[in-house]
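# Descriptive structure summary
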Amino acid sequence: DFPLERKRKFLSVINNETIRLTKLVNDFLDLKRLESGAEKLRTERFDVATLLDDTVTLFRRDDLPHAFELEIGDDSTLVRGDPDRTRQILANLVSNAVKFSPDGGRVTIGARREGAFVVVSVRDNGIGMSEQTIAKLFRKFFRADNAETRSIGGTGLGLALVKEIVEQQGGRVSVTS
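As the structure is a computational prediction, the values presented were derived from the model and not from experiment. (Residues numbered from 1 in each chain as written. Predicted model: local features only at pLDDT ≥ 70, side-chain atom pairs only at ≥ 80, totals over all residues. Heavy atoms only, no water.)

Before going further, it helps to examine the overall build of the protein chain. Helix and strand content of the protein chain: five helices and five strands. Judged by the C-alpha coordinates and their principal axes, the protein chain covers about 65 × 40 × 35 Å. Split into buried and exposed, the 177 residues of the protein chain put 32% on the buried side. Within the protein chain, counting contacts between residues at least 6 apart in sequence, those at least 24 apart form 72% of the total. Total accessible area computed for the protein chain in this model is approximately 11200 Å², and 52% of it derives from carbon and sulfur atoms. (Helix = DSSP H or I, 4+ residues; strand = E, 2+ residues; numbered from the N terminus. Buried < 20%, exposed > 50% of the residue type's maximum accessible area, 1.4 Å probe, protein only. Contact = heavy atoms within 4.5 Å. Areas by Shrake-Rupley, 256 points an atom, 1.4 Å probe, with all protein chains shown as cover.)

Encoded structure:
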């Protein structure tokens, strides 16, 4: 028989691992459905700026040492695409910016029109990455493995999912460190 406090710790670990595995399975299934064409993205007109604002609101919390800033261009940020999947993209990118900036700092989320496209950016002052890491970043199950990233959680599917959703909406995704 274990003391109550130890039982609580065990339950907490089990709960956290269950959440992590559920996210892994859901991300993997999402990616497979999108890749196979089993799931089609909705197409409707929406304003990217509104989604950016909603995303910042979700992440702006007192327990995070990050300052969030929005940079929205003066031109229209209306696009055609799937707003729910675009929210998923933004949440993933901002989550990564927060995770890989463990000491806090500024996270800048922006949108500006370039011709027929709206360019969305997420910038942080985090730990950065090598050219070798950047080359593999959008592969399924890829996780940067170095002393600075080992303790940072993740499934290695988020950016592969981001890439698939962006490309299915006729866009492209890139990264600069």
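On we go.
The subject of this paragraph is the pattern of salt bridges. One pass over the structure, following the stated rule, counts 15 salt bridges. The shortest N-O distance in the salt bridge between lysine 140 and glutamate 35 comes to 3.1 Å. Remark: glutamate 35 occurs in helix H1 (residues 4–36) and lysine 140 occurs in the loop between helix H4 (131–136) and helix H5 (158–168); sequence separation between them is 105 residues. Using a relative accessible area of 35% as the deciding quantity, one classes lysine 140 as partly exposed. A salt bridge links aspartate 63 to arginine 61; the nearest nitrogen and oxygen atoms lie 2.9 Å apart. A relative accessible area of 41% means that arginine 61 is categorised as partly exposed. (Salt bridge = Lys/Arg side-chain N within 4 Å of Asp/Glu carboxyl O.)

A few words now on helix H3 (residues 83–99). Here H3 is 17 residues long and its end C-alpha atoms lie 24 Å apart, about the 24 Å a rise of 1.5 Å per residue gives. What H3 keeps buried is the set Pro83, Arg85, Thr86, Ile89, Leu90, Asn92, Val94, Asn96, Ala97 and Val98. A side-chain oxygen of the first residue of H3 lies 3.0 Å from the backbone nitrogen of aspartate 84; this N-cap is aspartate 82. (Expected span 1.5 Å × (residues − 1). Polar contact = N/O pair within 3.5 Å; in protein donor to acceptor, adjacent residues only side chain to side chain.)

All right, on to the nonpolar core then. Val48, Leu52, Phe68, Val94, Val98 and Ile109 are the most contacted members of the largest nonpolar core, which has 17 residues in total. Secondary structure elements with two or more residues in this core: helix H2 (48–59), H3 and strand E4 (105–114). It is H2 that contributes the most residues to this core, five residues altogether. Once residues within four sequence positions are removed from consideration, valine 98 is found in contact with Phe59, Leu64, His66 and Phe68. Within the second largest apolar cluster, 13 residues are counted, among which are Leu41, Phe138, Leu159 and Val166. (Core = buried A, V, L, I, M, F, W, Y, C linked by side-chain atoms within 4.5 Å.)

As summarised here, the arrangement of the three strands in space is E2-E4-E5, forming an open sheet in which the pairing is mixed. Both outer strands of the open sheet, strand E2 (66–72) and strand E5 (117–124), are each paired with one neighbouring strand and no more. Pairs of neighbouring strands in the sheet enclose a mean axial angle of 10 degrees, with direction left out of account. Pairing analysis gives eight bridges linking E4 to E5, with the strands arranged antiparallel. From the neighbouring strand, glutamate 114 faces E5, where its bridge partner is phenylalanine 117. Packed onto the sheet, H2 meets E2, E4 and E5 and runs at close to 175 degrees relative to E2. Helix-sheet contacts for H3 involve E2, E4 and E5, and the interaxial angle to E5 is about 25 degrees. (Pairing = 2+ DSSP bridges. Axes fitted to C-alpha atoms, helices over the stretch in contact; angles between N-to-C directions.)

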